[in-house]
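The lines below spell out each chain.
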Amino acid sequence: MFLDFGQLAAKDRYKLLTATVVPRPIALVSTRNEDGSTNAAPFSFFNVFSEDPPLVVLGLQSKPDSSPKDTTRNIRLTGEFVVNLVDEEIAEKMVICAADFPKDESEIPAANLTLAKSRNIDVDYIVDAPVSLECRRVTVLQFAKTRDLAVGEIVGFHAREGLIDPDTLRINWDKYNPIGRLYADQYIHTHDRFSMSIPAYEDAANGEYSEIIGDR
Ligand SMILES: Cc1cc2nc3c(=O)[nH]c(=O)nc-3n(C[C@H](O)[C@H](O)[C@H](O)COP(=O)(O)O)c2cc1C
């Protein structure tokens, strides 16, 4: 089956891409509203792009009336945002934040989330999240009237106590259970892990590979 992508309606491209490019990590993005309150909304057109410089990217659609989402407006106005990662513990709270709250009404109390002051930026982070990345806007590119791509540089990293070994900086995987987005209202756990090491060229060239360790 081949689909000439340019010929498809945008809604069909969305359907295909969000159901095949999976799972996607979820950023529960906090930003500062004009009145100083904190806005929070999830974004799964999201990923980390590099570590040097340390960059994250967010794909921001507009609201159905073509006006920018509160997150987009706030990032444009303040130049700062926090990416709070989403695990099983805060999954339901994250979904509450996706509801269409009026402009300048914070999702935080309704979702029963707790905020704390960031160290390097003036936007609060969500303490309940396993990991929070303080970000400064590098650029917001507008690809269409209703489509922005925000690029942010990570200037601070918070992790829940016990999640990361302070000496080795290794993650304690028994305590880290991020969820991923599949499509529409479908999500996935990350318990089913396995390892696969990259073979040396000599082995790879002969088609030899190391065995998969763990469940499949
Ligand atoms: C798991 C999940 C992922 C989402 N990903 C995106 C996304 O990548 N881009 C987007 O524009 N909206 C996305 N949304 C929808 C926004 O979260 C939603 O429109 C929200 O109300 C925007 O809030 P705001 O106006 O406060 O920024 C997602 C919703 C959910 C539940």
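Residues numbered from 1 in each chain as written. Predicted model: local features only at pLDDT ≥ 70, side-chain atom pairs only at ≥ 80, totals over all residues. Heavy atoms only, no water.

As for the site of the ligand
For clarity, the cut-off: In these notes, residues near a molecule or strand are those with any non-hydrogen atom within 4 Å of it. Here a polar contact means two N or O atoms within 3.5 Å. Within protein one must be a hydrogen donor candidate and the other an acceptor candidate, and residues neighboring in sequence count only if both atoms are side-chain atoms. For the accessible areas, the method is Shrake-Rupley and the probe is 1.4 Å, while residue cover comes only from the protein chains on display. Lining residues are those with an atom within 4 Å of a point, where the points come from a 1 Å grid over the protein atoms alone and group into cavities, where a 1.4 Å probe fits but cannot get out, or pockets, open sets with protein on both sides within 12 Å along at least five of seven lines. To be counted as sitting in a cavity or pocket, a molecule needs more than half of its atoms within 2 Å of that site's grid points. Helix numbering and strand numbering both begin at the N terminus, where a helix is a DSSP run of H or I of at least 4 residues and a strand a DSSP run of E of at least 2.
Every one of the 19 residues lining the ligand counts as a neighbour, but Pro42, Phe45, Gln61, Lys69 and Thr71 are closest to it. The contact in question runs from an oxygen atom of the ligand to an N or O atom on the side chain of Thr71, over 2.6 Å. Between the ligand and the protein, one listed contact pairs an oxygen atom with a backbone N or O atom of Ala99 at 3.5 Å. Here the ligand loses 90% of its free accessible area of 640 Å² to cover by the protein chains. Counting atoms within 2 Å of the grid points, the majority share of the ligand lands in the largest pocket. Elements that contribute at least two residues to the shell around the ligand include exactly strand S3 (38–43), strand S5 (54–61) and helix H2 (70–78).

Topic: the pairing of strand S10 (residues 147–159)
Here is the rule we go by: Whether two strands pair comes down to DSSP finding at least two bridges between them.
Here S5 runs beside S10; their pairing, made up of seven bridges, is antiparallel. By the bridge assignment, Leu60 is partnered in S10 with Asp148. Looking at chain direction, strand S9 (residues 131–144) and S10 are connected through twelve bridges and run antiparallel. Of the residues in S10, the one forming a bridge with Cys135 is Ile154. The hairpin turn running from S9 into S10, its antiparallel successor, is two residues long.

With respect to H2
Threshold: For each residue, the accessible area found with a 1.4 Å probe, counting protein chains only, is set against the maximum for its type, and the residue is called buried under 20%, exposed over 50%, and partly exposed in between. The contact criterion used is simple: two residues touch if any of their non-hydrogen atoms lie within 4.5 Å.
Among the residues of H2, Asp70, Thr71, Thr72, Arg73, Asn74 and Ile75 are the ones counted as buried. On its buried side, H2 packs onto strand S2 (27–32), S3, S5, strand S6 (80–85), S9 and S10. Downstream of H2 by one or two residues, Gly79 has phi in the positive range, about 75 degrees.

Focus: the sheet that holds strand S1 (residues 24–25)
Spatially, three strands are ordered S1-S11-S12 in an open sheet, and the strand pairing comes out antiparallel. A single partner strand is all that each edge strand has here, and the edge strands are S1 and strand S12 (187–188). As paired strands, strand S11 (residues 180–181) and S12 are joined by two bridges and run antiparallel to one another. Bridged to Arg181 within S12 is Tyr187.

A look at the environment of Val127
Position of Val127 relative to the elements: it lies in the loop between strand S8 (125–126) and S9. Distance from Val127 to Lys117, taken between C-alpha atoms, is 9.4 Å for residues ten residues apart in sequence. Apart from the residues lying within four places of it in its own chain, the contact partners of Val127 are Thr114, Leu115 and Ala116.

With respect to the sheet that holds S3
Test applied: Axis definition: a line fit to C-alpha positions, over the contact stretch in the case of helices; interaxial angles, taken between N-to-C directions, run 0 to 180 degrees.
Taken together, seven strands build an open sheet; the order of strands is S3-S2-S6-S9-S10-S5-S4 and the sheet is antiparallel. Each having just a single partner strand, S3 and strand S4 (46–51) make up the two edges of the open sheet. Between one strand and the next, the sheet's axes are offset by a mean angle of 30 degrees, whatever the strand orientation.

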